[in-house]
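Given next are the chains, with one letter for each unit.
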Amino acid sequence: MTAIDHLTQATYLVAAVLFIFSLRWLSSPKTARQGVAAGVGGMVAAVIGTLLHPEIVSYTWILIALVVGTAIGIPLSWVPLTAVPQRTALSHAFGGLAAGLVGTAKYMLWLHDGELTSFRTFAIVVEVLLGYLTFTGSLMAAGKLQEVLPTRPITYRNQNIFNFLLLAIAVGAGLYLVARPDTWQLFPVVVVLSLVFGVLLILPIGGADMPTVISLLNSYAGLSAVAMGFVLDNKLLITAGALDGSSGFILSVIMCKAMNRSFTNVLFGAFGQVSQVQAAAEARAVKSATPRDVADILENASSVAVIPGYGMAVAQAQHRVRELYDQLSKRGIDCKFAIHPVAGRMPGHMNVLLAEAEVPYTALAEMDDINPDMPQVDVAIVVGANDVVNPAARHDKASPIFGMPIINADRARTVIAIKRSMNPGFAGIENELYYADNCLMAFGDAKAVLGDVVKALSGDSGIH
Amino acid sequence: MQNLDLWSMLFVFMLATFVGFQVIQNVSRLLHTPLMSLTNAISAIAIVGSIIIAGEEKSLSSTVLGAIAVAASMTNIVSGFLITDRMLKMFREKGSQK
């Protein structure tokens with residue numbers, strides 16, 4: 001090893017340490033920004049260490065690529081926070097693409113130099129498979145989230161069998177390549193099948209499953225970086241990829257648990273497949289309330305829990321929600337936000353939206369923390385959430401969501417559900433909460449209804 | 001030719017996965033969205049591999065593929081760190097008006 005090599009490895013070691021600290025500091029919002037600084041520091045150290053590498057003969061292409069990447073990256077960081085799930089999916093796609101391309105380049109170079117060993121080919125096949133399927137899969141997910149692609153699950157007969165066969169052929173071709181690394185004709189087969197498989201994998205996924213799927217893709221992107229580390233004999237890549245992979249894996253497990261479903265069920269179950277809405281026929285009575293009524297009820301409450309869902313993001317109602325929070329806090333009414341882990345389109349989506357609307361994070365409560373207190377809550381306001389407050393999940397064994405942990409909104413003294421109409425939610429499941437004796441429906445656009453409620457409340461404070 | 005570093009790589013992988021599990025489990029649930037964008041930026045460390053392939057210029061095709069990979073990783077690094085910081089700035093203990 002030359003002195004430069006030692007220096008490069010030293011920067012990699014420093015980067016690995018900084019990356020671990022970066023994630024460690026995310027344990028609290030107080031230290032979290034320090035975490036970003038540590039991550040940036042590690043990244044800069046590693047990149048400088050790499051640029052010193054003697055094998056680099058020209059910087060032209062590198063510089064062009066760095067400039068292009070920066071030029072795309074900066075505007076991508078300006079997206080509105082409601083679009084963060086799409087941006088995240090897109091960045092998983094870029095991560096997968098980079099892994100796939102590096103694997104392809106390495107295969108070509110080593111093939112040319114006759115340096116392909118079975119181990120190298122194995123690592124490349126894993127890298128390329130994961131990389132390219134993450135690339136197209138994440139692009140599909142981003143397209144569905146941005147609604148440029150149909151968000152409903154797309155299914156056809158024998159879909160799972162077909163997908164499985166395709167994957168089996170890709171893996172078979174890959175294994176043959178490992179045994180005979182010079183049968184280069186098979187390499188494009190693996191590449192194309194991985195690309196196609198990524199698309200097919202996401203076709204049957206519906207919007208409500210996006211939190212799990214994004215987390216899984218995150219994990220794949222991390223694992224493809226690990227495989228790249230094995231290909232390039234680079235331990236920093238293995239470390240960073242493993243951190244990313246385990247993070248994605250943990251998030252997927254949390255999401256699955258929060259829906260009481262397994263990985264296989266999410267990926268192959270086509271949950272959003274509208275379970276032939278048995279409903280509509282039985283027109284049951286609901287009680288409705290005007291914004292004025294809602295304001296009156298709230299004024300007489302001493303504790304309020306707001307339960308936000310994806311509908312709040314769609315209606316862009318988070319700022320009205322915060323005004324409501326301000327009005328209630330001003331009156332000394334305790335107002336908390338009850339956040340279900342899968343509310344929204346990615347893990348933690350609601351927290352970020354509410355934080356942007358300047359709701360202090362101390363008012364955000366996790367499902368497990370707030371549920372025991374729900375019977376003491378005077379008013380639960382459901383804003384754009386549906387399945388995550390459906391009591392059927394607790395007792396109706398026939399319901400598709402039976403067993404899913406829910407926020408026990410129905411146990412509050414009064415429930416106010418803000419909803420456009422009585423149409424069932426995304427999964428097409430009738431929500432019995434709306435027919436409960438203690439539930440009032442405030443029909444209308446969440447932003448408009450909440451605006452009127454806030455207006456009524458602030459009008460009152462003028463009179464008193 | 002092949003320096004069998006396989007075992008030490010597997011050790012690194014195993015240990016890093018354990019560290020990852022420990023560290024990530026302690027991440028506040030409030031911050032799961034920033035967590036995902038931060039880990040995304042961190043795993044764009046793949047840029048170091050891409051830089052060498054783009055810079056050693058062994059063949060035109062590998063250089064082009066490497067350069068695209070550098071651009072893709074750089075996009076993730078820049079947008080990942082910037083948006084993470086932008087989101088984290090919004091998490092405040094007290095509201096705007098107190």
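Cut-off values and rules
- Residues numbered from 1 in each chain as written.
- Chains lettered and ligands numbered in written order.
- Predicted model: local features only at pLDDT ≥ 70, side-chain atom pairs only at ≥ 80, totals over all residues.
- Helix = DSSP H or I, 4+ residues; strand = E, 2+ residues; numbered from the N terminus.
- Buried ≥ 20, exposed ≤ 12 C-beta atoms within 10 Å, placed from the backbone.
- Contact = placed C-beta atoms within 7 Å.
- Nonpolar A, V, L, I, M, F, W, Y, C, P; charged D, E, K, R; others polar.
- pLDDT = per-residue confidence, 0-100.
- Expected span 1.5 Å × (residues − 1).
- Axes fitted to C-alpha atoms, helices over the stretch in contact; angles between N-to-C directions.
- Parallel < 35°, antiparallel > 145°, perpendicular 65-115°, else oblique.
- Left-handed = near helix turned anticlockwise from the far one by under 90°.
- Pairing = 2+ DSSP bridges.
- Domains from an automatic or database assignment.
- Right-handed = clockwise from strand over helix to strand, strands pointing away.
- Core = buried A, V, L, I, M, F, W, Y, C linked by C-beta atoms within 7 Å.

*Asks:* So what exactly am I meant to see when it comes to unusual backbone geometry here?
*Replies:* Of all residues except glycine, most have a negative phi; of all peptide bonds, most are trans. In the Ramachandran plot, Gln316(A) falls in the positive-phi region, its phi being about 55 degrees despite a non-glycine side chain. In this fold, Gln316(A) is placed in the loop between helix H12 (310-314) and helix H13 (318-330). What makes Gln316(A) partly exposed here is the crowd of 15 C-beta atoms within 10 Å. One non-glycine residue, Glu57(B), lies in the positive phi region at around 45 degrees.

*Asks:* I tried to follow the interface of chain B and chain A on my own but got confused; where do I start?
*Replies:* Often, the extent of an interface is quoted as the loss of accessible area upon association of its parts. Each partner contributes residues to the interface: chain B has 85 residues there, and chain A has 98 residues. Counting residues per element, the ones that place at least two in the side of chain B that touches chain A are helix H1 (6-25), helix H2 (32-43), helix H3 (47-56) and helix H4 (60-90) of chain B. The class makeup of the residues in the side of chain B that touches chain A is 45 nonpolar, 29 polar and 11 charged.

*Asks:* Is there a simple way to think about the confidence of the model for chain A in this case?
*Replies:* Should pLDDT be low for a region, the predicted coordinates there are not to be read in detail. Overall, the prediction assigns chain A a mean pLDDT of 91, with 94% of residues at 70 or greater. In the predicted structure, residues 271-281 of chain A sits below a pLDDT of 50 and forms 21 contacts with residues beyond four places in sequence or in another chain.

*Asks:* Explain H13(A) here, please?
*Replies:* Note on helix geometry: an α-helix contains 3.6 residues per turn, so any two residues three or four positions apart are oriented the same way. Its 13 residues give H13(A) an end-to-end C-alpha distance of 18 Å, which sits within 8% of 18 Å, the value for a rise of 1.5 Å per residue. A positive backbone phi angle near 80 degrees is found at Gly332(A), which sits one or two residues after H13(A).

*Asks:* Help me out: how do you make sense of the packing of helix H1 (residues 3-24) of chain A against helix H2 (residues 32-51) of chain A in this one?
*Replies:* Helix-helix packing: each pair is described by the crossing angle between the helix axes and the interaxial distance. All names here are of chain A. Where H1 meets H2, the closest approach of the two axes is 8 Å, and the angle between their N-to-C directions is 165 degrees. Of the possible angle classes, the one that applies to H1 and H2 is roughly antiparallel. As for how H1 packs across H2, the hand of that crossing is left-handed. Taking contact as the criterion, the partners of Leu7, Thr8, Thr11, Tyr12, Val14, Ala15, Leu18, Phe19, Phe21, Ser22 and Leu23 in H1 are, on H2, Gly35, Ala38, Gly39, Gly41, Gly42, Met43, Ala45, Ala46, Ile48, Gly49 and Thr50. Across the contact of H1 with H2, the residue classes tally to 13 nonpolar, nine polar and no charged.

*Asks:* Got a minute to help me understand the pairing of strand S7 (residues 439-443) of chain A in this structure?
*Replies:* The side chains of a regular strand alternate, residue by residue, between the two faces of the sheet. All names here are of chain A. In terms of burial, S7 is largely enclosed, as four of its five residues are buried. Across five bridges, strand S6 (residues 414-419) lies against S7 in parallel orientation. The residue of S7 that forms the bridge with isoleucine 416 is leucine 440.

*Asks:* Just checking my understanding: could you explain the environment of Val304(A) for this structure?
*Replies:* Residue and element names in this part refer to chain A. When you line up the elements, valine 304 lands in strand S2 (residues 303-308). C-beta crowding within 10 Å serves as the criterion here: with 24 such atoms nearby, valine 304 is assigned to the buried category. Residues in contact with valine 304, not counting those within four places in the same chain, are Leu298, Leu328, Ile333, Asp334, Cys335, Asp378, Val379 and Ile381.

*Asks:* Please clarify how the sheet that holds strand S3 (residues 334-339) of chain A should be interpreted in this entry.
*Replies:* Picture the strands of a sheet paired through backbone hydrogen bonds; they go either parallel or antiparallel. All names here are of chain A. As summarised here, the arrangement of the seven strands in space is S1-S7-S6-S5-S2-S3-S4, forming an open sheet in which the pairing is parallel. What marks the edges here is a single partner per strand, and that holds for strand S1 (287-288) and strand S4 (364-366). In this fold helix H14 (residues 349-356) packs onto S2, S3 and S4, with an angle of close to 145 degrees to the strand it touches most, S3.

*Asks:* I keep staring at the packing of helix H4 (residues 84-113) of chain A against helix H5 (residues 118-145) of chain A and nothing clicks. Help me out?
*Replies:* All names here are of chain A. Look at H4 against H5: their axes get within 7 Å of each other, and the N-to-C directions meet at 155 degrees. Viewed along their axes, H4 and H5 adopt a mutual orientation that is roughly antiparallel. Once H4 is placed against H5, the crossing between them reads as left-handed. The residue inventory of the contact of H4 with H5, partitioned by class, reads 17 nonpolar, 10 polar and three charged.

*Asks:* What is the right way to look at the domain arrangement of chain A in this model?
*Replies:* All names here are of chain A. For chain A, the domain assignment lists domain 1 (1-78), domain 2 (82-268) and domain 3 (287-463). Taken together, the contact between domain 2 and domain 3 spans 18 residues of the former and 16 residues of the latter. Counting only elements with at least two residues in the side of domain 2 that touches domain 3, the list comes to H4, helix H8 (210-232) and helix H9 (235-259). For the side of domain 2 that touches domain 3, the leading source of residues is H9, giving five residues. Of the residues assigned to the side of domain 2 that touches domain 3, the class counts are 12 nonpolar, six polar and no charged.

*Asks:* Just to check I follow, could you spell out the environment of Ala32(A) for this structure?
*Replies:* Looking at the element boundaries, Ala32(A) is found in helix H2. Through-space distance from the C-alpha of Ala32(A) to that of Ala15(A) is 18 Å; in sequence the pair is 17 residues apart. Filtering out sequence-adjacent residues up to four positions away, Ala32(A) remains in contact with Trp25(A), Leu26(A), Leu31(B), Pro34(B) and Leu88(B).

*Asks:* Could you clarify how one ought to interpret the pairing of S3(A) in this entry?
*Replies:* All names here are of chain A. Bridging between S2 and S3 involves four bridges; their strand directions are parallel. Residue valine 304 lies in a different strand from S3, and its bridge partner there is cysteine 335. Note that S3 and S4 share three bridges and pair parallel. Across the sheet, residue isoleucine 339 finds its bridge partner in S4, namely glutamate 366. Running through H14, the crossover from S3 to the neighbouring parallel element S4 is right-handed.

*Asks:* When you look at the confidence of the model for chain B in this model, what are you seeing that I'm missing?
*Replies:* A residue-level look at chain B finds 92% of positions with pLDDT of 70 or above and a mean pLDDT of 91. Model confidence for the complex: the whole-complex pTM is 0.92, and ipTM, which rates the interface, is 0.94.

*Asks:* Quick question: what am I supposed to make of the nonpolar core here?
*Replies:* The nonpolar side chains of a soluble globular protein tend to be buried with one another. Counting 194 residues, the largest nonpolar core has Ile307(A), Val382(A), Val383(A), Ile45(B) and Val70(B) as the members making the most contacts within it. Non-local contacts of Val383(A), meaning those with residues more than four positions away in its chain, are made with Val306(A), Ile307(A), Pro308(A), Gly309(A), Gly311(A), Met312(A), Ala317(A), Val321(A), Ile418(A) and Ala446(A).

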